Amino acid sequence: MPTPMPPQPTAPSFEGLRIAARGVTQEVKGAGRVLNGVSFDVAPGRLTAIAGSSGAGKTVLLQSLAGLRAPTAGDVLHDGARPGPPGRDFGFVPQDDIIHLDLPLRRTLTYAAGLRMPPGTAPGALASAVGRALDALGLAHRADTPVRALSGGERKRACVAVELLTRPRVLFLDEPTSGLDPVTGAALLRTLRGLADAGTTVVLTTHVPADLPRCDRVVFLSPGGEVAFAGDAAALCGAFGVGTPEEVYEAVADGARAATAPVSPPHDPVDVPARVPEAPRTGAVRQWALLTRRGVALLLHNRLSVAVLAGSPVMIVAMFAVLFRAGAFDPESPDPGSTAMIMFWIAFGAFFFGLTYGLLQICAELHVLRREWLAGVRLGPYVAAKLTTMLPVLASADALLLAVLRALDRLPAAGWATYASLYASSLLASAAALALGLLASAAVTDPGQATLMLPLLCFPQVLFSGAFVPVPRMTVAGEALSWAMTNRWAFEALGSGVGLEELWRDGGSPLGPPLLASYGDSFGHPAGRGWLVLAGFTLVFLAGTWAVLVRKCRTGAEGSRAGR
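One structure accompanies this document, and this report is about it.

Take the overall build of the chain next. Looking only at helices and strands, the chain has 19 helices and nine strands in total. Here the C-alpha coordinates of the chain stretch approximately 100 × 50 × 40 Å along the principal axes. Put simply, the chain has 564 residues, and 54% of those count as buried. Restricting to contacts in the chain with at least 6 residues of sequence separation, those with at least 24 account for 77%. Of the roughly 22,900 Å² of accessible surface on the chain, 63% is carried by carbon and sulfur atoms.

Below, the structure is given as C-alpha cells:
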C-alpha cells in the first residue's frame, strides 16, 4: 500500500543554516585519502543531495559538513564560522534507526523530547513539540503504534521526527531512502522537500538515481573523492551530456568530470571565527530519571525481556529442587558436600541473573545512544540508569530464590540475621554480574555477539570459584585467576554467612573435617569482606562500561566533541 504523503510544514520563523566546504580533504585510517579538495556551498532552505558510487566518500563528506569530522585539510563553515558542538539547531539521521522499537511512537518521541529540549521545558511544551513533529511528518495517525510495527518508510520518518523536536536549522541524513521501495522513497523525498521549503537546510547522501531530480542541488563525487559536479539538479544530466541520472553514474565511473565542477577557492583559516559554545544541557539527575523511566518502559514492552526475567528464577529454582534433597543443613546430620554446592549454586544463580539481564542492555541500542550522546545525553547517567532499571528486578529475583529454597528446606532454619547476610551476598553478586554484563554489552557490536559472550563469561566463574576445586588446592595461576572471579567472593560470603565452618565442625558428619581442611580459611572471613570485593568489582565494571561507551561514541561520530 503506498505511503501517504505527509502534510507540508507551515512557513518557518527561522532561516536555515548556510554551509560552505572549502578545500575539504579527509584522511581516514585504513582507507587513505577519502576526500580530496572538496568545495561547494549549501544555501539555506535547500534540499541538497550528495551522490556518487560506493566508496566515493559520501558519508565521510556528510559527517564533515555536519561538524562530526574535523577535516584533515580545508574548512567547513556554518554561517561563516567553524562548527561548534552539535546543538539544538542540528539534526543528524544516520543509516541505522535512532529510536527504540518497542514503545509506541508518541511515547518514544516524548522521552526523546525530554532529553533533547532545553532544561526546564514545561510538559505542555514537550507535548506540543511531539505533536508538531508528528504532524510535520504525517505520522499523527500512527502516534499510538509501536515503532516496531511501522513500515520502513514510516520508521525512517519517525527518525526524522526525533530530529525535528528541537526545530533544527539544518538536517543531515545518511542514505535515507536506502532499502525503501520506490514509492516509499519518493514519499520520503517529498517530506524532505517540504521541510526544505519551510526553511530547514536539508543535506542527504544517496546512491538512488531517482532521488537526484527531486533535490534542488546535487554534489556528485568521483571515485577519488573529488567533486565531479556541483550545481542545480536540473543541470546534472546536461553537464555530462547524458539523458538519465543512471548514465551520470556510468560517466563518472569512467572518469568524466563536468565542465562546471568547481575549483577550491582560496581561504585564510586564521580569519575564520570560532562558533559560540553549546547550549546548556538537561541536568545529569534529570537525564538519569528520564533514562530510568524509559528503561523500565522498554523492559516491560519487550516480550523477550519479560520472558528472560520471569524464566531465569524459575529455571534456577527447578534446578535446586531436582539436584538437592531436603535437609542438607540439618545440624544433627548435615550433608557438608550438598551444603557447599547449594551455596555455590546460589552464588552462580545470582551471577547468572545479573549477567543475562545485562548482556543485551546496550549493544541492541548503541546506534540510539550515539545519536543521543551527540544531542547532549551524558554517559554517566545512562550507565547509572541501566543499573537502577535492572537492580530492583534482580533484588526481587534473589529474594524469591532464597524464599523458595527455604520453603523447600534447601536452606537452614536460621534467623533474620543469617538471611539478611545471604540476601546481601546474593544481591551484591547480582549487581557485580549485571555490571559485567553491561561492560560486555558495551564492548560487542550486536546482540549475536553478546549471546556468544554468555558461556565465555560463565565457564571461568564456575571453574575458578573455589567450589569444585577449593582455592587452596589450585595451582598458583589458578588461584591468581580466582581473585578476578566475582563468583568466588559471592560463594565465600554466602558460606560465611550461613556458617559452613561451624556446621561442618560441629555437625558430626565424617565428611566435615576433610572439607574443612580442603577449603582452608575460605569461609573463615566475615561475609563483609566478600561484600566489599563485590562492590568494588561493580564499580570497576561500571567505570569500564562508561569508558568503552565514551570511546565507541567518539569513534562512531569521528571528530565529535569530547567530554560527554
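Opposite charge on two side chains permits pairing when their charged atoms draw close. Taken as a whole, this structure holds 20 salt bridges when the rule is applied. Its salt-bridge partner being Glu163, residue Arg116 comes within 3.3 Å of it at the nearest N-O pair. Of this pair, Arg116 sits in helix α2 (residues 105-116) while Glu163 is found in helix α4 (residues 152-164), placing the two residues 47 residues apart along the sequence. The network of salt bridges with common partners includes Arg46, Arg193, Asp197 and Asp216.

Core analysis: the biggest nonpolar cluster contains 108 residues, and Phe172 and Met343 have the highest contact counts within it. The element that contributes the greatest number of residues to this core is helix α10 (residues 336-359), accounting for 16 residues. Ignoring any residue separated from it by four or fewer positions in sequence, one finds Phe172 in contact with Ile19, Leu62, Leu65, Ala66, Phe90, Gly91, Phe92, Val93 and Val203. By size, the runner-up hydrophobic cluster in this structure holds 51 residues, among which are Ala51, Leu109, Val162 and Leu165.

The six strands are arranged β5-β6-β7-β3-β8-β9 in an open sheet whose pairing can be described as mixed. Sheet topology places β5 (90-93) and β9 (227-232) at the edges, where each strand pairs with a single neighbour. The sheet shows a mean angle of 10 degrees between the axes of neighbouring strands, taken without regard to direction. Bridge count for strand β8 (residues 217-221) against β9 is five bridges, and the pairing is antiparallel. Opposite Val218, over in β9, you have Gly231 as the bridge partner. Across the sheet, α4 is in contact with β5 and β6 (170-174); its angle to β5 comes to roughly 160 degrees.

Turning next to the pairing of β5. Looking down a regular strand, the side chains alternate between one sheet face and the other. Going residue by residue along β5, you find Phe90 and Phe92 tucked away on one face and Gly91 and Val93 tucked away on the opposite face as well. Bridge count for β5 against β6 is four bridges, and the pairing is parallel. The partner of Phe92 across the bridge, within β6, is Phe172.

This part is about a negative patch on the surface. On the surface, Glu246, Glu247, Glu250 and Asp254 cluster together into a negatively charged patch. As for its position among the elements, Glu250 is in helix α7 (residues 245-253). Classification of Glu250 by relative accessible area gives exposed; the value is 52%.

Of all six residues in strand β3 (residues 47-52), six are buried; the element is thus mostly enclosed. Residues Leu47, Ala49 and Ala51 of β3 are buried on one face, and the alternating residues Thr48, Ile50 and Gly52, pointing to the opposite face, are buried as well. As judged from the five bridges shared by β3 and strand β7 (residues 201-206), these two strands associate in the parallel manner. Residue Ala49 lies in a different strand from β7, and its bridge partner there is Leu204.

Let's shift gears to a nonpolar patch on the surface. Nonpolar side chains collect at one region of the surface, where Leu304, Val308 and Leu360 lie side by side and expose about 240 Å² of accessible area between them. With respect to the helices and strands, Val308 occurs in helix α9 (residues 303-323). Accessibility expressed as a relative area gives 30% for Val308, which makes it partly exposed.

Here we come to the packing of aromatic side chains. This structure, assessed with the given rule, holds 20 aromatic pairs. An angle of 65 degrees between the planes, with centres 5.2 Å apart, marks the rings of Trp483 and Trp489 as edge-to-face. Residue classification places Trp489 among the buried positions, given a relative accessible area of 2%. Ring centres 5.8 Å apart and planes at 90 degrees place the aromatic pair Trp504 and Phe523 in the edge-to-face group. Of this pair, Trp504 sits in helix α17 (residues 500-506) while Phe523 is found in the loop between α18 (512-519) and α19 (527-556), placing the two residues 19 residues apart along the sequence. A single burial state applies to Trp504 and to Phe523, both of which are buried.

Okay, the sheet that holds strand β1 (residues 19-28) next. Strand order in the open sheet formed by three strands is β2-β1-β4, with antiparallel pairing between adjacent strands. Either end of the sheet is taken by a strand with one partner, and the two such strands are β2 (32-42) and β4 (73-78). Strand after strand, the sheet turns through a mean of 20 degrees between neighbouring axes, direction not considered. Pairing of β1 with β4 involves five bridges; the strand directions are antiparallel. Looking at β4, one finds that Thr25 is bridged to Ala73. Across the sheet, helix α1 (residues 58-66) touches β1, β2 and β4, and the angle it forms with β2 is around 55 degrees.

Parameters at a glance
- One numbering rule holds for all chains: residues counted from 1, following each sequence as written.
- In keeping with the model being predicted, local features are shown solely for residues with a pLDDT of at least 70 and side-chain atom pairs are shown and tallied solely at 80 or more, while totals for entire chains, interfaces and linings include all residues.
- To obtain the side-chain values, all non-hydrogen atoms of the structure were used and water was disregarded.
- Note on conventions: DSSP H or I runs of at least 4 residues are helices, E runs of at least 2 residues are strands, and numbering of each starts at the N terminus.
- In this scheme, a residue with accessible area under 20% of its type's maximum is buried, one over 50% is exposed, and one in between is partly exposed, where area comes from a 1.4 Å probe on protein chains only.
- Throughout, a residue-residue contact means that at least one pair of heavy atoms, one from each residue, lies within 4.5 Å.
- Accessibility throughout is a Shrake-Rupley quantity obtained with a 1.4 Å probe, and a residue counts as covered only by protein chains that appear here.
- Note on definitions: salt bridges are taken to be side-chain nitrogens of Lys or Arg within 4 Å of carboxyl oxygens of Asp or Glu.
- Residues enter a nonpolar core if they are buried and are Ala, Val, Leu, Ile, Met, Phe, Trp, Tyr or Cys, with the set joined through side-chain atoms within 4.5 Å.
- If DSSP finds at least two bridges between two strands, the strands pair.
- Under this scheme, a helix contributes an axis fitted over its contacting stretch, all axes are lines through C-alpha atoms, and angles between N-to-C directions fall in the 0 to 180 degree range.
- The patches described consist of residues with a relative accessible area above 30% and no salt bridge, like charges being joined within 9 Å and nonpolar side chains (Val, Leu, Ile, Met, Phe, Trp, Tyr) within 5 Å.
- Just so you know, the count uses Lys and Arg for positive and Asp and Glu for negative, and it drops His and the chain ends.
- Where a charge sits is defined by one atom per residue type, namely NZ (Lys), CZ (Arg), CG (Asp) or CD (Glu).
- Within 6.5 Å between ring centres, the rings of Phe, Tyr and Trp (the latter by its six-membered ring) count as paired, and their orientation is classed by plane angle as stacked under 30 degrees, edge-to-face over 60, tilted in between.

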